[in-house]
Amino acid sequence: MLRIVSRGRKVQRCCWSEQRRWLSQPGVAQKQGNDVVLGVPRLPSFDYSPPPYNGPAADEILMKRKKFLSPSMFYFYQKPLNLVHGKMQYLYDDKGRRYLDAFGGIATVSCGHCHPEVVEAIVEQTKRLQHSTILYLNPAITDFAEALASRMPGDLKVVFFTNSGTEANELAIMMARLYTGCQDIISLRNAYHGNAGATMGATAQCNWKFNVVQTGVHHAMNPDPYRGVFGSDGEKYAKDVEDLIQFGTSGNVAAFISEAIQGVGGIVELAPDYLPAVYKSIKKAGGLCIADEVQAGFSRTGSHFWGFENHGVIPDIVTMAKGIGNGIPLGAVVTTPDIAEVLTRHNYFNTFGGNPVCTAAGHAVLRVVEREGLQANAHTVGSYLKHRLIALKDKHQIIGDVRGRGLMLGVELVTDREEKTPARVEIVHVMEQMKDLGVLIGKGGLYGNVFRITPPLCFSKDDADFLVDVMDYVMSKM
Ligand code: PMP
């Protein structure tokens, strides 16, 4: 066994496969006697040059942003990046420097920045016609609706298009209230569902100030296997929902809404057996089950196309957005014909939700995800990445937990593993240093101490290695 020496600091044993991986990267590691001496990890090669950038500098943009945009907007990094170009899983700043995008997959792109097939679909449809979704017929809209419905289980066959995830969840909650004639909604603590009235009510993230109080919204105990009081016993947490129905409502509820894996909340996988038990209680109370697939849907979890499928349940209403348009504003609600019928009593319409350009983009994304085998890639690369992150946890005490599925992974940092003390300051330091070395990673969780890894689904094994090597390198120097 060789020793691995990271720039003269931490020294540990290095197994054969690890040694071979390090030595196969020219300039990154060198064998010196019995040591493998690590240098700075390098970005995987990528044969692409972005066009030159001639726009304003970062300082000028920041100044304008502070002056003319919402004071509640926040940004990552002490000196925010001015990103001006993207190609697949990489982003380029104004100086042409390339970064690995390990976060943008849920924020915007599922199949890769500026994917040529999606760009072409948008341009072609824009040249032909852009109009509203209502009033006239257009094949782009119905073709995508049909394709989306075909990806749904059971009787989930009617699609309502929206412009965002918030709108999709607002509509789902409203439909549930109209369908059941009930007002009460149950959501999970630490959930995020959007930024309008009902969705901010259902969002229970007081720490991040995302929540606003709404009558009729009840927040159930979060079935969080790492921090929750019942560990991974999903059925025990599910009892809290039963109690809420019994003691907090008239005995009937309109809906239960949850993500399959909480995204903003810090990649929290709901404890096993939780959702089936809760869905049963909700149905018994006459309510509907809403699956918020805004982050976990569209292949991200790798093993399944939809996040809820990992839990063996079929919701009554499914909502989605973000990656489904690969950066184009697009959301959707899919439900059964029976539930959809309630909106005929209220003449619901949405001027732009699912307009021809956006649905052409959505349809192209679906085609790319299928043709390029991105679900299988999320599974293979995600499993590999998780495996490497778990190995990193053995090495660095600061890593308290590694979790998630496919390309939706979380790394929770703590200063004390026993106490699970959130490493709030340390995570900012690691994140900043990772950016300097070329990795853009997300951050979230109730305490803001969880790395969120949700890259475009075209992320490769080399990218995964680079990300972990950079994290390792930074943590070794702390
Ligand atoms: N649901 C979930 C799970 C989300 O993560 C988000 C956005 N972070 C939303 C809904 C709201 O989506 P949007 O920002 O497109 O309104």
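Everything that follows concerns the structure shown earlier in this document.
All values derive from a computational prediction rather than experimental measurement. (Residues numbered from 1 in each chain as written. Predicted model: local features only at pLDDT ≥ 70, side-chain atom pairs only at ≥ 80, totals over all residues. Heavy atoms only, no water.)

## Overview of the packing of helix α12 (residues 374-395) against helix α14 (residues 461-476)
One way to put it is that α12 packs onto α14 with a least axis distance of 9 Å and a crossing angle of 15°. Considering the angle they form, α12 stands roughly parallel to α14. The hand of the α12/α14 crossing is right-handed. Each of Val381, Tyr384, Leu385, Arg388, Leu389, Leu392 and Lys395 in α12 lies in contact with α14, whose residues at this interface are Lys461, Ala464, Asp465, Leu467, Val468, Asp469, Met471, Asp472 and Ser476. Among the residues forming the contact of α12 with α14, the class breakdown is 9 nonpolar, 1 polar and 6 charged. (Axes fitted to C-alpha atoms, helices over the stretch in contact; angles between N-to-C directions. Helix = DSSP H or I, 4+ residues; strand = E, 2+ residues; numbered from the N terminus. Parallel < 35°, antiparallel > 145°, perpendicular 65-115°, else oblique. Left-handed = near helix turned anticlockwise from the far one by under 90°. Contact = heavy atoms within 4.5 Å. Nonpolar A, V, L, I, M, F, W, Y, C, P; charged D, E, K, R; others polar.)

## Observations regarding helix α9 (residues 274-284)
Every buried residue belonging to α9 is among Tyr274, Leu275, Val278, Tyr279, Ser281 and Ile282, and all of these are buried. Summarising the axial view, the buried residues of α9 lie within an arc of 165°, below the 170-degree limit, and thus occupy one face. In α9, the exposed positions that point more than 90 degrees away from the buried face belong to Lys280 and Lys284. Note on α9: the residue one or two positions beyond its end, Gly286, has a positive phi of about 80°. (Buried < 20%, exposed > 50% of the residue type's maximum accessible area, 1.4 Å probe, protein only. Arc of directions from axis to C-beta.)

## Considering the sheet that holds strand β7 (residues 98-101)
Here we have 4 strands laid out as an open sheet, ordered β5-β6-β7-β20, and mixed in their pairing. For this open sheet the edge positions go to β5 (83-87) and β20 (439-440), each flanked by a neighbour on one side alone. Pairing analysis gives 3 bridges linking strand β6 (residues 90-93) to β7, with the strands arranged antiparallel. Residue pairing across strands places Tyr90 opposite Leu100, the latter belonging to β7. (Pairing = 2+ DSSP bridges.)

## What about the pairing of strand β14 (residues 288-292)?
Here β14 lies mainly inside the structure; 5 of its 5 residues are buried. Where burial is concerned, the two faces of β14 agree: the one with Leu288, Ile290 and Asp292 and the one with Cys289 and Ala291 are both buried. By the bridge criterion, 5 bridges tie strand β11 (residues 255-259) to β14 in an arrangement that is parallel. In the sheet register, Ala255 faces β14, and the bridge partner there is Leu288. Direction of pairing for β14 relative to strand β15 (residues 317-320): parallel, over a ladder of 3 bridges. Following the sheet pairing, Asp292 is matched in β15 by Thr319.

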